Amino acid sequence: MTQTGISVRLVRRIALAIVGLVALGSTPAHAGCPGLPGGKVMTATKGTPVSVLLRTTPEMVPIGEPFTAEVAVCADGDVEIQRIEVDATMPMHQHGTNYRPEIVETEPGRFEAKGMLFHMPGLWRFEVLVFGGDRPAILTHDLNVE
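Residues numbered from 1 in each chain as written. Predicted model: local features only at pLDDT ≥ 70, side-chain atom pairs only at ≥ 80, totals over all residues. Heavy atoms only, no water.

1. Remarks on the pattern of salt bridges
- This structure, assessed with the given rule, holds 5 salt bridges.
- For Lys 114, the salt bridge is made with Glu 112, and the minimal N-O distance between the two is 3.6 Å.
- On the basis of relative accessibility, which here comes to 36%, the residue Lys 114 falls in the partly exposed class. (Salt bridge = Lys/Arg side-chain N within 4 Å of Asp/Glu carboxyl O. Buried < 20%, exposed > 50% of the residue type's maximum accessible area, 1.4 Å probe, protein only.)

The structure is reproduced here in structure tokens:
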């Protein structure tokens, strides 16, 4: 909780809603960005200086079992990636996960969020915050887990 009593998660949800309302389009993967076979391009607002590919291991995310989210981040030449955060929420239920993943940079621009866990079936929204440049970039990807 912040000092005003508003949780950081709520602030992120509000920010994502605002971003969604003002988005004019999504940013394609940057040219020359190393691929992540089977990775999904995450949605970003137009003009975001980064693009992100997301892949889960296993590919079919199990309910109630830990999994890993692999993230490849590509940035415009003048943006230096400082760190990322990975989280997931259920938009229809207004809640997130019960566990925070451990994020490890495996090589420059490649990360693993280990120990993610979806405790129930339904639509989950991955959220990746990329810190570098003027402000964090927020990218999302929806995944229906059965």
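Now that the structure has been shown, the text picks up again.
2. Here's the deal with the nonpolar core
- Core analysis: the biggest nonpolar cluster contains 26 residues, and Val 71 and Val 130 have the highest contact counts within it.
- Among the elements of the structure, β2 (50-57), β3 (67-75), β4 (83-90), β7 (110-116), β8 (122-131) and β9 (137-145) are those that each provide at least two residues to this core.
- With sequence-adjacent residues up to four places away left out, Val 71 is seen in contact with Leu 36, Val 52, Leu 53, Leu 54, Ile 84, Val 86, Gly 109, Arg 110, Phe 111 and Val 128. (Core = buried A, V, L, I, M, F, W, Y, C linked by side-chain atoms within 4.5 Å. Helix = DSSP H or I, 4+ residues; strand = E, 2+ residues; numbered from the N terminus. Contact = heavy atoms within 4.5 Å.)

3. Re the environment of Leu 117
- Along the polypeptide, Leu 117 turns up in the loop between β7 and β8.
- Overall, Leu 117 belongs to the buried group, its relative accessible area being 13%.
- With 52 residues separating them along the chain, Leu 117 and Glu 65 place their C-alpha atoms 5.8 Å apart.
- Ignoring any residue separated from it by four or fewer positions in sequence, one finds Leu 117 in contact with Gly 64, Glu 65, Pro 66, Phe 67, Thr 97 and Tyr 99.

4. Quick word on the confidence of the model for the chain
- Of the residues in the chain, 77% have a pLDDT of 70 or more, and the chain-wide mean is 80.
- Here helix α1 (residues 8-22) stands out as the least confident element of the chain, with mean pLDDT 45; β7 is the most confident, with 96.
- Below a pLDDT of 50 lies the segment residues 14-29, which in the model reaches 21 contacts outside its immediate sequence neighbourhood of four places, other chains included. (pLDDT = per-residue confidence, 0-100.)

5. Considering the environment of Val 41
- Considering the arrangement of structural elements, one finds Val 41 in strand β1 (residues 40-41).
- Val 41 sits in the partly exposed class, given a relative accessible area of 43%.
- On a C-alpha basis, the gap between Val 41 and Arg 55 in space is 9.3 Å, while along the polypeptide they are 14 residues apart.

6. Quick look at the sheet that holds strand β6 (residues 102-107)
- Spatially, 5 strands are ordered β1-β2-β3-β7-β6 in an open sheet, and the strand pairing comes out antiparallel. Since the sheet does not close on itself, it has two edges, and those belong to β1 and β6, each with one partner.
- Of the strand pairs in this sheet, β6 and β7 are connected by 5 bridges, and their pairing is antiparallel. In the sheet register, Val 104 faces β7, and the bridge partner there is Glu 112. (Pairing = 2+ DSSP bridges.)

7. What to know about the packing of aromatic side chains
- Following the criterion strictly, the structure yields 4 aromatic pairs and no others.
- Where Phe 67 meets Phe 126, the ring centres are 6.3 Å apart and the plane angle is 90 degrees; that geometry is what we call edge-to-face. Taken as a pair, Phe 67 in strand β3 and Phe 126 in strand β8 lie far apart in primary sequence, 59 residues in all.
- Consider the rings of Phe 118 and Trp 124, whose centres lie 4.2 Å apart with planes at 5 degrees: the pair is stacked. In this pair, the class of Phe 118 matches that of Trp 124, namely buried.
- Through successive ring pairs, a cluster of aromatic residues spans Phe 67, Phe 118, Trp 124 and Phe 126.
- The ring of Phe 131 has Arg 83 lying over it, and the distance from NZ or CZ to the ring centre is 3.9 Å. (Phe/Tyr/Trp six-rings, centres within 6.5 Å; stacked < 30°, edge-to-face > 60°. Lys NZ or Arg CZ within 6 Å of the ring centre and 35° of its normal.)

8. Re the side chain of Thr 97
- Position of Thr 97 among the secondary structure elements: in the loop between β5 (95-96) and β6.
- Taking the relative accessible area as the measure of exposure, Thr 97 reaches 9% and is therefore buried.
- A polar contact is formed between the side chain of Thr 97 and the backbone oxygen of Tyr 99, at a distance of 3.0 Å. (Polar contact = N/O pair within 3.5 Å; in protein donor to acceptor, adjacent residues only side chain to side chain.)

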